[in-house]
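Listed here are the chains, written in short residue letters.
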Amino acid sequence: MPGENDKRPGILQDLNWRLEAAAFAGLLGFLRLLGVERASAFGGGLLRALGPLTGTHKTVRRNLLIAFPDMDPAERDRLAVEQWEQTGRTFAELAVMDRLTPESGRIDLVGMERLHAVRDSGKPVVLISGHLANFEVMAAVIMAAGVPCQVTYRAANNPYVDAHIRKARERYGIRLFAPKGDGTRELMAGMKRGDSIALLVDQKYSQGPEVEFFGQPVNASPGAARLALKFGTVMQPLSVVRLPGVRFRVTAHEPIHVQDTGDKAADVLAGIQAANRFVEDRVREHPVDWFWVHKRWPPEVYQSLGSLDRR
């Protein structure tokens with residue numbers, strides 16, 4: 001619901017939000033009735049059919065061209081369509097995420113001793129990843145591993161829809177927090193208590209420093225590296241890969257150490273470059289799993305492509 005300190009919406013805006021939320025709740029209910037396999041297939045099939053018809057498909061194709069300029073055009077076109085199916089499956093699976101936990105038997109775990117070590121240490125780390133496959137699954141694994149953690153996310157514009165999303169995530173144990181910027185007091189207070197935080201580091205952040213992603217400049221959020229440096233801890237990378245049969249493999253990788261040389265700006269920049277390089281490596285391994293619909297690069301990179309739609 002809208003917060004007490006938020007500006008109250010107009011009657012028509014509030015009505016529109018409520019109608020949207022009712023439709024969203026109905027969709028979640030329908031997907032839960034379908035069950036895991038059919039819900040995932042329904043979402044995947046729907047976006048595979050509709051996604052290529054949208055204007056966003058051009059963004060997908062441009063992103064693939066930036067990331068894989070030497071790839072055969074036919075292969076890029078195939079990936080552009082197939083990534084819609086993965087995206088549709090991920091959105092549909094939100095409704096049944098409580099059935100996609102490690103206890104479900106649908107998740108293969110690799111390197112979980114690293115998460116257990118974080119849990120047993122009582123000290124916080126900064127868990128990082130990108131929008132890979134069903135990234136919600138990584139949060140479910142963190143919760144199941146018993147790591148006290150705040151999983152950050154961006155709140156939906158519609159507060160009533162946001163409430164339904166929070167409820168869906170609460171079913172598998174997430175304590176949600178929606179930061180409005182990096183290094184907020186709430187996040188730092190949590191880390192002081194010993195809570196780890198989980199961040200997806202592959203979104204555009206126009207105010208952030210410039211690093212390299214697939215050989216091109218991007219602005220990246222410095223939050224993960226900045227907090228790791230401040231609390232003298234590591235960035236613990238996680239990845240998730242979609243497997244056949246609505247199954248997943250979650251891996252806890254080797255920690256990334258943010259060096260403290262005394263030059264804070266340079267140390268943060270090196271740390272966030274390492275985090276983005278980690279995501280890039282995972283995307284190169286399984287390109288169909290990434291969230292290609294996001295405009296990750298700055299306008300000048302897209303402008304340098306020229307005309308993409310020549311056919």
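Heads up: the structure comes first, above all this text.
Residues numbered from 1 in each chain as written. Predicted model: local features only at pLDDT ≥ 70, side-chain atom pairs only at ≥ 80, totals over all residues. Heavy atoms only, no water.

(A) Up close: the side chain of Gln 83. Within the element layout of this structure, Gln 83 appears in helix 4 (residues 73-93). Under the relative-accessibility criterion, Gln 83 is labelled buried at 0%. Polar side-chain contacts of Gln 83 include one of 3.1 Å to the backbone oxygen of Ala 80. Among residues more than four places away in sequence, those in contact with Gln 83 are Val 60, Val 288, Trp 290, Trp 292 and Val 293. (Helix = DSSP H or I, 4+ residues; strand = E, 2+ residues; numbered from the N terminus. Buried < 20%, exposed > 50% of the residue type's maximum accessible area, 1.4 Å probe, protein only. Polar contact = N/O pair within 3.5 Å; in protein donor to acceptor, adjacent residues only side chain to side chain. Contact = heavy atoms within 4.5 Å.)

(B) Structural view of the pattern of salt bridges. With the rule as written, the count across this model stands at 16 salt bridges. When the shortest N-O distance is used, the salt bridge between Glu 75 and Arg 78 registers 2.4 Å. Placement of the pair is Glu 75 and Arg 78 together in helix 4, with a separation of three residues, close to one helical turn. The partly exposed category is assigned to Glu 75, whose relative accessible area is 29%. Between Glu 254 and Arg 114 there is a salt bridge whose closest N-O contact spans 2.8 Å. Of this pair, Glu 254 sits in the loop between strand 9 (247-252) and strand 10 (256-257) while Arg 114 is found in helix 5 (residues 112-121), placing the two residues 140 residues apart along the sequence. Given a relative accessible area of 25%, Arg 114 falls into the partly exposed group. Each of the salt bridges in this network shares a partner with another, and the network as a whole consists of Arg 48, Glu 85 and Arg 89. (Salt bridge = Lys/Arg side-chain N within 4 Å of Asp/Glu carboxyl O.)

Fair warning: the whole summary comes from geometry, so function is off the table for now.
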